[in-house]
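# Close look at the chain arrangement
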Amino acid sequence: MNGKLFVVGTPIGNLSDFSPRAVNTLEAVDFIAAEDTRVTLKLLNHFGIKKEMVSYYEHNKRERGEIICQRIQNGEDCAIVTDAGMPAISDPGEDLVSLCHELGIQVVSVPGPTAFATALAISGMETGRFTFEGFLSVSKKSRFEHLEEIKDEKRTIIFYEAPHKLANTLKDLYATLGNRKLAIVREITKIHEEAINTTLKEANALYGNGSLKGEMVLIIEGKKEEACEITLEDAVLQAKKLVEKGFSMNMAAKEIASKTPFKKGDIYKALL
């Protein structure tokens, strides 16, 4: 009988966020697939858990994924953990979960903190609709293509970023998206946690020197509809064009009034 894969969320920074169920799961499984076994060992030691670990990360995920799945198919239970947060979110664990589904292996959630959702919740930005974009590529070409794809995005936009790449990212975001509201949420759940509410222009001036430290989530407002500044004279010109096309003055005034801030009567009077 197949074992199971348990997807276990780990603390972003504060070990107190590790749930009792997560502790019980790591104690109960046969082995743990860890992004960095050194980081996970600190977590296990803190909670007094002794368990076999295998490394599973970006550069060994294909060969190691097959080995892990073979063990699960032979009846062992495995927990996958990342260094911080939920595995499989901007994380190679995505491949292992997908492989398990392909092989008919049951995948069980043991939820924990997720950086982008936590950051959004405390950012003060619009939360109703958003798009999570992960990390920007270090390749200039891929980076530019990614930003071009989202420059007209109306939903709130969320990125992960490392401190040593922040200056370049702020510069590229400002160049592509223009000046928009920005929340930089850093050091989530740690002593120096803060949500910095600023703009892309201001952030470039303040943090373009790379002075801001800590792991960060960047939350950018979506593109706003540009306000249409139309005068009565513009509205009348539009109505005249409709009259030239065969509309009566009354119908032309009514049509343009429905598309502009002006009253039908004012447009009609101006037409006369």
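Above this text you will find the structure in question.
Here's a quick rundown of the structure. Every chain is numbered independently, its residues counted from 1 as its sequence is written. Under the rules for a predicted model, residues below a pLDDT of 70 receive no local features and side-chain atom pairs below 80 are neither given nor counted, while totals for whole chains, interfaces and linings still include all residues. The side-chain quantities take in all heavy atoms of the structure and omit both hydrogens and water.

## Some points on the overall build of the chain
In terms of regular secondary structure, the chain is built from 11 helices and 10 strands. Computed over its C-alpha atoms, the radius of gyration of the chain comes to 27 Å, more than 25% above the 19 Å expected for a compact globule of 272 residues. On the principal axes, the C-alpha backbone points of the chain span a range of 90 × 45 × 35 Å. Out of the 272 residues in the chain, the part that is buried amounts to 42%. The accessible surface values rely on the Shrake-Rupley method and a 1.4 Å probe; as for residues, cover is taken only from the protein chains in view. Carbon and sulfur atoms provide 50% of the accessible area of the chain, an area that totals close to 15100 Å². Segments assigned H or I by DSSP are reported as helices when at least four residues long, segments assigned E as strands when at least two residues long, and all are numbered from the N terminus. Here the radius of gyration uses the C-alpha set of atoms, whereas the globule reference equals 2.2 Å times the residue count to the power 0.38. A 1.4 Å probe rolled over the protein chains alone gives each residue an accessible area, and that area as a share of the maximum for its type sets the label: buried under 20%, exposed over 50%, partly exposed in between.

## What to know about the nonpolar core
We define the nonpolar core as a collection of buried residues of types Ala, Val, Leu, Ile, Met, Phe, Trp, Tyr and Cys that are connected through side-chain atoms lying within 4.5 Å of one another. In terms of nonpolar packing, the biggest core is built from 19 residues, with F159, L173, L182, I184, Y207 and I220 touching the most fellow members. Among the secondary structure elements, those contributing two or more residues to this core are α6 (140–150), β7 (156–161), α7 (166–177), β8 (181–186), α8 (200–207) and β10 (216–220). For this core, the leading source of residues is α7, giving 4 residues. Between two residues, a contact is recorded if the distance between any of their heavy atoms is within 4.5 Å. When neighbours within four sequence positions are excluded, F159 is seen to be in contact with E133, G134, L136, H146, L147, I150, L173, M216, V217, L218 and I220.

## Some details on the pairing of β7
Counting buried positions along β7 yields 6 of 6 residues, so the element is predominantly enclosed. Residues T156, I158 and Y160 line one face of β7 and the alternating positions I157, F159 and E161 line the opposite face, and both faces are buried. In short, DSSP must find at least two bridges between two strands for them to pair. Where strand β6 (residues 130–135) and β7 come together, 4 bridges link them in parallel fashion. Residue pairing in the sheet places F132 in a bridge with I158 of β7. Here the term right-handed applies to a crossover when the path leading from its first strand over the helix to its second strand runs clockwise, the strands being oriented away from the viewer. Taken together, β6, α6 and β7 constitute a β-α-β crossover, and its handedness is right-handed.

## Some words on the environment of F130
Note that F130 resides in strand β6. With a relative accessible area of 32%, F130 lands in the partly exposed category. Sequence separation of F130 and C100 is 30 residues, and the distance between their C-alpha atoms is 29 Å. Beyond its immediate sequence surroundings of up to four residues, F130 is in contact with F116, L120, R155, T156 and I158.

## Some remarks on the side chain of H146
In this fold, H146 is placed in helix α6. Separated by 2.7 Å, the side chains of H146 and E133 make a polar contact. Not counting chain neighbours up to four residues away, the residues in contact with H146 comprise E133, L136 and F159. By the criterion applied in these results, polar contacts are pairs of N or O atoms within 3.5 Å in which, for protein atoms, one can donate a hydrogen and the other can accept it, and in which residues neighboring in sequence qualify only through two side-chain atoms.

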